Structure formats: C-alpha cells, structure tokens
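# Understanding the architecture of this molecule
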Amino acid sequence: MKTRSYFSLALIAALGVTAAGCGSNDTTTQNNGAGGGKTVLEYYTWTDEADYMQKVVDTFNAQNSGIQVKMNTISNNADEYNTKIMNNLTGGSKMDLYSINGTSSLGLYSSKNQLVDLTDRIKSANLDVGAYGPSYQDIVELLTDGKYYALPYRTSEYALFYNKAIFDKEGIPYPTQMTWDEYADLAKQLTKGDGAGKQWGGYFADWLTAPLGALQKGTTILDDSLDDVGSWLDFLDRLYYKDQSHMSYKQMNGESVDWIKQFESGNVAMLVNGEWTVNMLKADIESGKTNINFDMAPLPLPEGTTDPVTVGGVSTFIGINPASKNADAAFEFVKFLTGEQGESIIAQSSVLPAYSSDKTKDAFLGATGIQGSGYFFEANTVIENQPIAQIDEINRVYNEQRDLFLFQEIDSKKAIQNYLNARKSVLNK
C-alpha cells in the first residue's frame, strides 16, 4: 500500500493556538469511575470526539487491569478548549493526557515545555512512526527539533463527492480520477435549468480557501512565485462565473448557503470537500434528513500530474502533561490510541485515522460502506497550511484579496500583487 507523503514544512517558529474545532459552548464534563487500586489517568479532549474516543478508552480499560483512563470533554469552542487546557497545564490540574488539534497548537505546547518528550519511549517501544506518513517526520524534525512530543491519531484529506442519482439520470459514468479541467467540463455539462430548482454541476464552498490546485503542484502562498495560485483563482472564476456551473461566490455569501444541505437537497452533482463529509452525510441519512445516494472519487488533479495527490495532513495529536505523576502509564494509552488497534476503533466510526495500514483501511471501508473512501489511504497528501508563526495573519491577508477577486472587484493579477505586498509587511513584523 502506498503510504501518505507530505511536502516538507518550513519556516517553523513560535506558533499560535489553532482551533480545537467549532460548535457548542458546553462546559467541561467528566465520566466518573472508580480506581479500585488501579492507576487512574485523566484524559481531556473536546466534545466532538466523545463518541469514538470513549470506545477507545473502554477497550483500553478492558484490556489493562492496572490502568483506568477517565475521559473528560471540553467544549468544541476553540478558545474555550485551549484556555481550559492551558489552565489545566499551569494550574495544578491532575490532567495526565490531552488531545491537540493542529500542528500550530503542537508547536505552542512543545515550545512551552507543556508536553513530555516521548522520544526515548518511542524508540524503546520500537513504534512504527512511518505508518503516519513522511509528513509526521517532517513535523518532528522541523517543528520540534527532532523530538517526539506527541503522536497523531487523526488526519484530514479532500476528495470529490458525487450524487449517483444525477449521474444515473443523465446516463453519464460515475467520475473517477480527473484533471481539474475535466472536472470543470463535466460540471458544465451537468448544469441545467435555473431558479431554485437549478441542477448544479458542482459545488465549491465559499469557506474552502486553500488553493488546492496550486498546493497539488507544490506551490504554497508563502512561495516567491505565485503563478500557480493566480491560475487557481482564475479557475475558480471559471467555475463560479464564466461557466456558471457552480453557485457563485456572491450568491453563497449573500444567502449564507449551507454547503451540506445544498448537496443533500439532491440538485448538486459533485462536491469538493473533506473526509468529514462522509460522517456528516451518513448521519443525516440515518436521521432521515436526506436520502441522497452518494459516493466519492479522487480529488481532481492539475494537468500533467499522474499520481493521485490530495490536500490535508496529520491534524490531531495526543500528548502527556509533564506534571503527570503517571507518565509511564499514560504512554501505554498513547501507544494504544495511536497504534493499529486504537486507530482501527477510530476508523470504525468513519473517522480517518493517522495510522495507515491494511487493517485501518479495512476498518474505515467497512464503516463508511463507500468503496471510494479507500482513496484516502492511497493518495499522496500535501499539507494545507504551512505552520509558521504568522500563518493566521498570512491567511487573513490572502483571503482578503481572494474575496475581492471572487466578488469581482479586482482581477487575479491585482489580487496576487496586493497579497504579496501585504505578506511582506506581515513577515517583516
């Protein structure tokens, strides 16, 4: 099986805290349990993870007579989660382990000595860190000076989702690997009608800001030459305005369109989005909100690219609080969660695991029931966001110019030039 590969990270510095998810403002909850002479580990994560992580915890507890893990959940709200974790780290909490969302948060916690150095433990346990893909080693080497402060258990990737009913109705074969130009041509062919019942060939959400085609070619918004980024902007203009095969950027923004509901309505043929779409669609089908019959195909490729390349990267980690009095026991849970057995449990909930193996792939395929989801384990993955200290500000100034372009107020060349000028000011601060 092909393992995931990622482009090397660069320009690593002191990093800011990234979102721990978005959603509710629930306060901290605890699953109470008796120690009974066992070593009790306090583990913290956010509420969105509660369902599948509890399954991991329960399985671990059942297999370990001397260790009991108690899972505590904090609100998905980014600021609340990170604030409470910081308070636990600095306020004498009995927290032993905690989940970390994103490489920038990993960089922050490791730089503040708020994670146990796991390097010697990982080597002594002879763990197969190669199963997480080359990008994890890049992170270790460049973000944490070659030391292992946490292990990953989730990853993220983009793909192409499609409504099988529309393709069946039109008598068109289901999509497989395409180029972006082929995707645009197919979307235009599938676009029909007008008004509220218009059949859209595709849907590209307004919040999906990463220049996917440029990233697939190895170009990031930190590079000197942004020709590929400019070409990607022009490609979006083709989808939104020239071909009118996708709901326009103006309309999506003006009407606050819900991307998942739009696809579930049955009048969108193809949707570019991330692996989280699988679980969202399955949940809405099970609850009766939609009866959409969907599948997925590889993310389209830039012209001339042959191997499947998607965008995403290792996204979620677990580490140990240096103040924990149970570091050795905590590492046993880290090994279990991020190893093949724990990752297979996560995959059984249709959540994409960081650990790539035949077993985790089979578990994920069995859970999704979607043959096309095996693509996530075959594609090379390039990192979506370059984790530098100023990345949030860099993204902000890029998105400002991208918005002006997609609202048709400036052309792509002007947008790129304005962004380069703004980027220089950010990087020179």
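Numbering of residues begins from 1 in every chain and follows the order in which that chain's sequence is written. Per-residue local features of the predicted model are confined to residues with pLDDT of at least 70, and side-chain atom pairs are confined, for both listing and counting, to 80 or more; whole-chain, interface and lining totals are unaffected and use all residues. The side-chain numbers reported here are obtained from all heavy atoms of the structure, hydrogens and water having been left aside.

### Observations regarding the pairing of strand S3 (residues 67–74)
Operational definition: When accessible area is computed with a 1.4 Å probe and restricted to protein chains, residues below 20% of their type maximum are described as buried, those above 50% as exposed, and intermediate ones as partly exposed. Only DSSP runs of H or I covering at least 4 residues are called helices, and only runs of E covering at least 2 are called strands; the numbering of each starts at the N terminus. Any two strands are treated as partners once DSSP identifies two or more bridges connecting them. We call a crossover right-handed when, viewed with the strands running away from us, the connection from the first strand over the helix to the second turns clockwise.
For S3, the tally of buried residues reaches eight of eight residues, placing the bulk of the element in the interior. Residue alternation in S3 divides its side chains into two sets, Ile67, Val69, Met71 and Thr73 and Gln68, Lys70, Asn72 and Ile74, and both sets are buried. Relative to S3, strand S2 (residues 39–46) runs parallel, the two being bridged by eight bridges. Counterpart to Thr39 in the pairing with S3 is Ile67. A crossover links S2 with its parallel partner S3, the connecting element being helix H1 (residues 50–63), and its sense is right-handed.

### Describing the side chain of Ser248
Threshold: In protein, a polar contact means a hydrogen-donor-capable atom and an acceptor-capable atom, both N or O and within 3.5 Å, with residues adjacent in sequence counting only if both atoms are side-chain atoms; elsewhere, any N or O pair within 3.5 Å suffices. Contacts between residues were defined by any pair of non-hydrogen atoms, one from each residue, lying within 4.5 Å.
Along the polypeptide, Ser248 turns up in the loop between helix H9 (227–242) and helix H10 (249–255). Taking the relative accessible area as the measure of exposure, Ser248 reaches 14% and is therefore buried. In terms of polar contacts, Ser248 uses its side chain to reach the backbone amide nitrogen of Gln251, at 3.0 Å. In contact with Ser248, other than residues within four places in its own chain, are Tyr240 and Tyr241.

### Describing the nonpolar core
Note the following rule: The nonpolar core is taken to be a set of buried Ala, Val, Leu, Ile, Met, Phe, Trp, Tyr and Cys residues, with the residues joined through side-chain atoms within 4.5 Å.
The biggest cluster of nonpolar side chains holds 78 residues, and the ones touching the most others in it are Tyr183, Tyr203, Leu212, Met270 and Val272. Excluding its chain neighbours within four sequence positions, the residues that come into contact with Leu212 are Tyr158, Trp180, Phe204, Trp232, Val272, Leu299 and Val311. If you look at the next biggest cluster of nonpolar residues, it comprises 57 residues, including Ala150, Ile320, Phe333 and Ile345.

### Comments concerning helix H16 (residues 391–406)
Stated precisely, the cut-off is as follows: Take the residue count of a helix, subtract one, and multiply by 1.5 Å to get its expected span.
An ideal rise of 1.5 Å per residue puts 22 Å on 16 residues; H16 measures up with 22 Å between its terminal C-alpha atoms. Considered for burial, the residues of H16 that qualify are Ile391, Ile394, Asn395, Val397, Tyr398, Gln401, Arg402, Phe405 and Leu406. At its buried positions, H16 is contacted by H9, H10 and helix H17 (412–427). Gln408 sits one or two positions beyond H16 and adopts a positive phi of about 65°.

### Quick look at the pattern of salt bridges
Operational definition: Salt-bridge detection follows one rule: a side-chain nitrogen of Lys or Arg within 4 Å of a carboxyl oxygen of Asp or Glu.
Inspection of every chain in the model, using the stated rule, returns 17 salt bridges. For Asp51, the salt bridge identified is with Lys55, shortest N-O distance 3.9 Å. With Asp51 and Lys55 both in helix H1 and four residues apart, the pair spans about one turn of that helix. Take Lys55: its relative accessible area is 40%, and that puts it in the partly exposed class. In the salt-bridge network here, residues are joined through shared partners; they are Asp181, Asp185, Lys188, Arg238 and Asp243.

### So, the layout of surface pockets
This is how the line gets drawn: The definitions used throughout rest on a 1 Å grid laid over the protein atoms alone, on which a cavity is an enclosed set of points accommodating a 1.4 Å probe that cannot get out and a pocket is an open set flanked by protein within 12 Å on both sides along at least five of seven lines; lining residues are those having an atom within 4 Å of a point. Grid points are joined across faces, edges and corners, and a volume is the space filled by probe spheres set on the points. Gly is placed with the polar residues, together with every amino acid not listed as nonpolar (Ala, Val, Leu, Ile, Met, Phe, Trp, Tyr, Cys and Pro) or charged (Asp, Glu, Lys and Arg).
Taken as a whole, the second largest pocket spans an internal volume of roughly 230 Å³. Looking at the lining of the second largest pocket element by element, the count peaks at four residues for H9. Here the residues of the lining of the second largest pocket are counted per class, giving six nonpolar, two polar and four charged.

### Side note on H1
Between its terminal C-alpha atoms H1 stretches 20 Å, which fits the 20 Å expected from 14 residues at 1.5 Å a residue. Three or more residues of H1 are buried, namely Tyr52, Met53, Val56, Val57, Phe60 and Asn61. Contact partners of the buried residues in H1: S2, S3, strand S5 (151–163), helix H13 (327–338) and helix H14 (340–347).

### Digging into unusual backbone geometry
Phi angles above zero are rare outside glycine, and Gln244 is one such case at about 55°. The topology assignment puts Gln244 in the loop between H9 and H10. Of the residues examined, Gln244 reaches a relative accessible area of 45% and is grouped as partly exposed. Despite not being glycine, Ser256 shows a phi value in the positive range, around 50°.

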